[in-house]
Amino acid sequence: MNDGLQWALVAMGLLVVLARRRSVAILLVALQAVLLGIGALTLAPHRPPAFLIAALVLLARGAPLFFLLAVSVRRTREPRPLGLQARPLLNVGAAAAISLATIALIPPLGLETVTAEHASVSLVVIGIITIVTRRETIFQALGLVIVENGVALAAVGVPGGLPLVVELGVAIDLTVVIAVAAILHERIFEEFGTGDSHVLRSLRD
Amino acid sequence: MTDAPTLLCLAMLLLPLTAALLICVVRAPLARDRVNVAGAILTAGAALTVAALAMTGTRGPVLGGWLQLDAIGGPFLAVVAAVGLCSALVSPAYLRTAHESLASPDTERAWYYACFHLFWAALLALPLIGNLGVAWVVTAATTGVSALLVAQSRYPKALEAGWKYLVLTTVGLAVALLGIVVVGAAAPAGGGLAGLSWQGLTASAAHMPRSAALVGFVLIVAGLATKIGWAPVHNWLPDAHSEAPPPVSALLSAALLPTVMLIAWRTRIALEPAVGARAGSMLFIGFGLASLAVSVPFLWRRMAWKRLLAYSSLENMGMLALGIGFGGRLALAGVVIHVAAHAVSKSLGFSAATPLFVVRPSAKHAPAHGLLRANPSLAAAMGLSLGALSGLPPSPLFFSEVLIVMGGFATGHTLAAALAAVLLALGFLGLARVLVEDLMARGPQRAEGDGAGRRALLALTIVAGVLLGALAVLAAFLPGSGFVRVLTAGTLP
């Protein structure tokens, strides 16, 4: 896969950390999923036939994810903007710095190219940072998709890719998880009047 | 392989799916309860027969290699079947007391039962799946339905617990998937789906570069650890166990955690030629000691019944990690007894929670003080569960813990075994304190309970007592048995 495309995927992940509007973040993640699928399709001629189907699955899975999250956002309009991030640029800087540190610390993963290794590890780290730093439950669900996109990029970087059955299973599982996340997000919104995860802090010992 | 195991495996997986479908079709609540009970009895019957076949020597691939009957999968399958049956049987009683749900009042029962049977079906498949990639897919599939079950009551705390569980375990499983990708890349010939089968991995492990295989192995086990609930990635566990409906808490604690741990154990065995015995052992021992150390302070705190059971799960999963890490005949015999005895004790403990919350609603979020005087039959069930979980002799958990610690000394892990013994003693004292200071303390006068419910709980307590006694006797014979010889030789004979 083209190096520039892989780093573009990472840049989109960083933009999600920075994004203020939920709809913009959903569009970015959906675009990331589609570009990942297109990138995989470009590799298909040099891979076994099953890889083409796996690449199509990767391309197609962005649509239901976008639909589920977009519908959920439409149904849960926040009465007022959630507390904006205190230091959005600092969060992006931290995400980039932690990604670089992780890349430096992790031994070679044995993927097809070094760029694939670095980009996939970066996406996993950025997804986790999105979950940790963003208060909105929708952004945390988007963080999950970014982490999975990072793993999918790594899988594309393996000469044979993941077996088709596993690739299909991963796509279905992710769709189910995001559907459940959307259901829970809406119930949280109904119960608390907001999708701010800061209201979910009563269970402590 | 004859046709009987294939048909039984097929029945074991299709029956809960059919039950889920039928429950959605029928309308009357009573009919839904009946389909649930009938489906559960048939499913458990098929699963227990498959487990018995696996434990008595019927081994090999089933359903075109998707499933694998072997010695190690048998006991885990039996545990999932028994815990699922118990949870299904007590579910109607829970639903009679449930006031709110994620679904509308008309569909509440159907949603609960459908999610329950889908979750159970996935758990029944897990111990027998013959492939790491497919095992990951099925493990991940349990997350969605079980998160809905955790948040079923729709109380704010249940929503919080369900959300945490969904997010944390999904991140963990994504890390495990990255590990699978790394292992797949390290395999010399790739090999597609067959390359990720337990046999395929074992065959290719010897030719994998150690560094890449080790990174993949650590990512897989660390990722699965979030789902198993090993410290320090256990944060969802106390919340989900305490807020889920009691029958679901039993499934999570006694079936899901050990079953996912089996996947980690199988991964260790398959990748051992690449990563070495020491690295695998150290990783499991590390998770085991961390889980024991984190759980002990909480076992000393006075807290709500289900939350206490949740921290006991953390302790017991830590003990199992130690047993797998130590390896050897004694420790692995201890692991088998521990999984079964933990399942019986936890099923009883969580089943007692439904009547407990009826007679003492405050017990949802506070210790159940003075229950022995107020409700002796309930206190007997909770006392038996807690006594067994604490490792009070002659609890089979006492014998399994002794076997695991002795196994640690026998295999040269002296420091870890000694530390485990100290932490276990502290955990025992904490739970014994709860037994004496809460359950047996002076409290309110006799509370009125539901007569039919009391009889059912008494019957469950007697069955659990008999099973625990049988497991205690079994603990004396298991270490020298041929069954454990197969386990020490690996998962595949």
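Residues numbered from 1 in each chain as written. Chains lettered and ligands numbered in written order. Predicted model: local features only at pLDDT ≥ 70, side-chain atom pairs only at ≥ 80, totals over all residues.

### Observations concerning the overall build of chain A
Part 1 of the reasoning: For chain A, the count of helices and strands is eight helices and zero strands.
Part 2 of the reasoning: Overall, chain A shows an N-to-C arrangement of helices and strands of α-α-α-α-α-α-α-α.
Part 3 of the reasoning: Computed over the C-alpha atoms, the radius of gyration of chain A is 17 Å, within 12% of the 17 Å expected from 2.2 N^0.38 for a compact globule of 205 residues.
Part 4 of the reasoning: Each principal axis of the C-alpha atoms in chain A carries an extent, and together these give about 50 × 35 × 35 Å.
Part 5 of the reasoning: Taking all 205 residues of chain A together, 49% fall into the buried category.
Part 6 of the reasoning: A sequence separation of at least 24 residues applies to 74% of the contacts in chain A between residues at least 6 apart. (Helix = DSSP H or I, 4+ residues; strand = E, 2+ residues; numbered from the N terminus. Rg over C-alpha atoms; globule rule 2.2 N^0.38 Å. Buried ≥ 20, exposed ≤ 12 C-beta atoms within 10 Å, placed from the backbone. Contact = placed C-beta atoms within 7 Å.)

### Concerning unusual backbone geometry
Part 1 of the reasoning: In the segment running from B:Ala231 into B:Pro232, the intervening peptide bond is cis, with an omega of 5°.
Part 2 of the reasoning: The residue B:Pro232 is located in the loop between helix 9 (210-228) and helix 10 (236-243) in this model.

### Here's the deal with the domain arrangement of chain B
All names here are of chain B.
Part 1 of the reasoning: Domain assignment breaks chain B into domain 1 (1-129), domain 2 (131-275) and domain 3 (276-493).
Part 2 of the reasoning: Averaged C-alpha coordinates put domain 2 and domain 3 at centres separated by 23 Å.
Part 3 of the reasoning: Each partner contributes to the interface: domain 2 provides 30 residues, whereas domain 3 provides 35 residues.
Part 4 of the reasoning: By residue number, the principal contributor to the side of domain 2 that touches domain 3 is helix 11 (residues 246-275), which donates 14 residues.
Part 5 of the reasoning: In the side of domain 2 that touches domain 3, the residues fall into 20 nonpolar, seven polar and three charged. (Domains from an automatic or database assignment. Nonpolar A, V, L, I, M, F, W, Y, C, P; charged D, E, K, R; others polar.)

### Side note on the interface of chain B and chain A
Part 1 of the reasoning: Tallying the contact residues gives 44 residues for chain B and 39 residues for chain A.
Part 2 of the reasoning: If you list the elements that add at least two residues to the side of chain B that touches chain A, you get helix 5 (132-150), helix 6 (156-186), helix 7 (192-195), helix 9 and helix 10 of chain B.
Part 3 of the reasoning: Top element by residues in the side of chain B that touches chain A is helix 6 of chain B. It accounts for 19 residues.
Part 4 of the reasoning: The residue inventory of the side of chain B that touches chain A, partitioned by class, reads 30 nonpolar, nine polar and five charged.

### Some thoughts on the environment of B:Leu262
Residue and element names in this part refer to chain B.
Part 1 of the reasoning: Mapped onto the elements, Leu-262 comes out in helix 11.
Part 2 of the reasoning: Considering only alpha carbons, one finds Leu-262 and Gly-73, 189 residues apart in sequence, at a separation of 8.1 Å.
Part 3 of the reasoning: In contact with Leu-262, other than residues within four places in its own chain, are Phe-76 and Pro-127.

### Some details on the nonpolar core
Part 1 of the reasoning: Counting residues in hydrophobic clusters, the biggest one holds 273 residues, and the most contacted among them are B:Leu77, B:Val79, B:Leu124, B:Val181 and B:Ala213.
Part 2 of the reasoning: Setting aside its immediate chain neighbours within four residues, B:Leu77 contacts B:Ala47, B:Val50, B:Ala51, B:Ala54, B:Leu124, B:Pro127 and B:Leu128. (Core = buried A, V, L, I, M, F, W, Y, C linked by C-beta atoms within 7 Å.)

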